[in-house]
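Each chain, letter by letter, is given below.
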Amino acid sequence: MFKGKNVIVVGERDGVPGPAIAKCLQAAGANILYKTTECFV
Amino acid sequence: MDPESQAQIKRIADDFGSDNIMVVLGASDIEGAEIAAETLTVGDPSFAGPLAGVSLGLPVYHILEPEVKESVPEEIYEQEVGIVSMIVDTEEVSRAFRKIRETNK
Amino acid sequence: MAVVIRECSYILVHVPDFVRYGSKPARDIPINGGPGGALERRIYEHVRSYDEAVAYPPNQVYIGNMHPDDLHTTPQPWFEHPVAGAKRHGKFGEILPEEEWYGWLKIADDFNLVWLTPAFIAQIRDVVSGHPFLEEEDIGKLGNGVAINKIRDKIERDDALPLYYDGSLVGSIRRDHEVDDTLKAQVLMENLMAKASGALAMHHLFNRAGIEPQQVDFILSCSEEAVGDRYNRGGGSLSKAIGEMCRCVNATGHDIKAFCAAPIHAIMDAASLVQAGVFERVVVVGGGCLAKIGMKYVGHLKHDMPVLEDVLAGFAFLLTPDDGVSPIVRLDSIGKHDVGAGSSQQEIMTSLIVKPLERIGVKMMAIDKYATELHNPEVTLPAGSGNTPLTNYKIMGALAALRGEIGRDQIDTFVRERGMPGFSPTQGHIPAAVPFLGHALEAMQQGRMQNTMFVAKGSLFLGRMSQLSDGLSFLLERNPRRNG
């Protein structure tokens, strides 16, 4: 599903943070174009 | 979604083309995740950020959706996401995000 | 030698006329009709009166008149269920009305930044003078005021910002440099508000602890404002400025910057200074954050509810060597989220909770209460920003389940018994677990509780220097030397 795909990651501090999502998707073969983490508070 | 992220994503979408990009979100609150998804598909609903009135139409997924989980090596998914998937209704996330993607096809 | 947290104080300041100067409204109003335009008018149709802010159940919890667990049985929405007979003063402090606040702001101003009209000064002089913490010398700083046409001129020609009371122009705050962004009116207003509200909290602390300001040795401010100039952005030292305003003539201090986790960092540092014998009495103080006023107003207007982020919040804590009575900070059980620890919730919570407890041989279920970031969910949920404390408590419960301390079916019970509903104003560093500290000190003094773990996270990535977040925790225990 993610192999060779360009992906933008928008994580959340109190949910799944950006770097944690990026680690998963890199392992799934994705090319991470941009990753960020949002803080809602 | 904060205006800085909106601006960055808009720039990347302009450079690479919306057809070649997927977005994966991680917000634990489903309503919050839906707002972010809406921002990246039909535009910023608060009309405050750079994506106000801009319909990027990006396919948006959530890291907690079962189909995303299946494509990630199990051990890594457990380590990075496992505990959050224990406390969020992942089926509900899946339903919400499938609907968003279908509506915006 | 052990270190104790001897006393605490908590204050709120109702600032409805400053909602327009919160970062989010201040960015949105100019592009939606400007001052007096459609958006500003709509916001002000949804701003609360002082009495409504006082009677708001979470605010009563913050100043100590209710326990956080009382919110379990308070029907929601809380803004529709005011506390009957709610009081301005609480066990831990007070909720200051805006009229008096203007006096505090002027008294905090050592550079003649704030101009108030003679009529307004005459209007507020008596109520400001009536505050028990203000002395004649303070009241003298109110001065005689500046004529309204001069104030209007300053606003129109020199980028000063108008100050309102009850919707009417009563003054202005000016910039103090032609081009320096760190000394423009908006920034100086934010800094001055953190200083004055921090001072109000510190005065309450001395009053509750029964100590004189000159007995304080050192002050750590964990306020969020970056006080400084173009060459020294965020240079500090709000701590010393607050200490000066409170007449701590024998103290100096410095500022602790660690995003929203700063109060935990500051308490750890203060306890360490006391433990090392460097200082005997150290105060940790946090002033209010104007930037976060009205932060979630969009969600509130969307749901046609009051704009709930209309109060500045502050707190102060006094740390001393063991007095044989007050609860102890376990410096051998600090939890920290290390650079190499990883970013997943499991890794963060393991670093902040499991590891420090394991170090002293304590299980998660041996902790009576966990205090996490206690953002009021009634503020955040309408904006799609989730329920921060609930999410954190569920993750803690899941962690206890993964460790085999409870069954998966007991996570909800864990959340209910070991957690609490969020009640703090969404003021960044203010909700960082420590709003429960006053309630914990009281319960431990009375023998109703053995311990509490305070856990907070900070969003370092917002500063664009690292993708990492941060977190820190400490354990507070009932004093074993206390009788009964």
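Scroll up to find the structure.
Summary of the structure given here.

Cut-offs applied
Residues numbered from 1 in each chain as written. Chains lettered and ligands numbered in written order. Predicted model: local features only at pLDDT ≥ 70, side-chain atom pairs only at ≥ 80, totals over all residues. Heavy atoms only, no water. Contact = heavy atoms within 4.5 Å. Buried area = accessible area lost by both parts, 1.4 Å probe. Salt bridge = Lys/Arg side-chain N within 4 Å of Asp/Glu carboxyl O. Polar contact = N/O pair within 3.5 Å; in protein donor to acceptor, adjacent residues only side chain to side chain. Helix = DSSP H or I, 4+ residues; strand = E, 2+ residues; numbered from the N terminus. Nonpolar A, V, L, I, M, F, W, Y, C, P; charged D, E, K, R; others polar. Pairing = 2+ DSSP bridges. Core = buried A, V, L, I, M, F, W, Y, C linked by side-chain atoms within 4.5 Å. Buried < 20%, exposed > 50% of the residue type's maximum accessible area, 1.4 Å probe, protein only. Expected span 1.5 Å × (residues − 1). Arc of directions from axis to C-beta.

What follows covers the interface of chain B and chain A. Facing the 30 residues of chain B at the interface are 25 residues of chain A. When the buried surface of chain B facing chain A is broken down by residue, Met22, Val24 and Glu80 of chain B rank first, second and third, together holding 25% of it. Here chain B is connected to chain A by one salt bridge. A salt bridge links lysine 23 of chain A to glutamate 80 of chain B; the nearest nitrogen and oxygen atoms lie 3.5 Å apart. Applying the counting criterion to the chain B and chain A interface returns 10 residue pairs in polar contact (both at pLDDT 80 or more). It is helix H4 (residues 74-87) of chain B that contributes the most residues to the side of chain B that touches chain A, six residues altogether. Its residues placed into classes, the side of chain B that touches chain A shows 19 nonpolar, seven polar and four charged. Sheet topology note: the strand S1 (residues 6-12) of chain A/strand S1 (residues 21-25) of chain B ladder contains five bridges and is parallel.

What follows concerns the nonpolar core. Counting 134 residues, the largest nonpolar core has Leu25 of chain A, Ile63 of chain B together with Phe317 and Leu319 of chain C as its most contacted members. Counting 68 residues, the second-largest nonpolar core is a separate cluster that includes Val170, Ala201, Leu238 and Leu290 of chain C.

Below, the discussion takes up helix H6 (residues 118-129) of chain C. Residue and element names in this part refer to chain C. Here H6 contains 12 residues, and its C-alpha end-to-end distance of 16 Å stays within 8% of the 16 Å for a straight helix at 1.5 Å per residue. Among all positions of H6, only Phe120, Ile121, Ile124 and Val128 are buried. What you see down the axis of H6 is that its buried residues fit within an arc of 90°, all on one side. Summarising the geometry of H6, the exposed residues directed more than 90 degrees from the buried face are Ala119, Ala122 and Asp126. Where H6 is buried, its residues touch helix H5 (98-108), strand S3 (114-116), helix H7 (136-140), strand S4 (161-165) and strand S5 (168-173).

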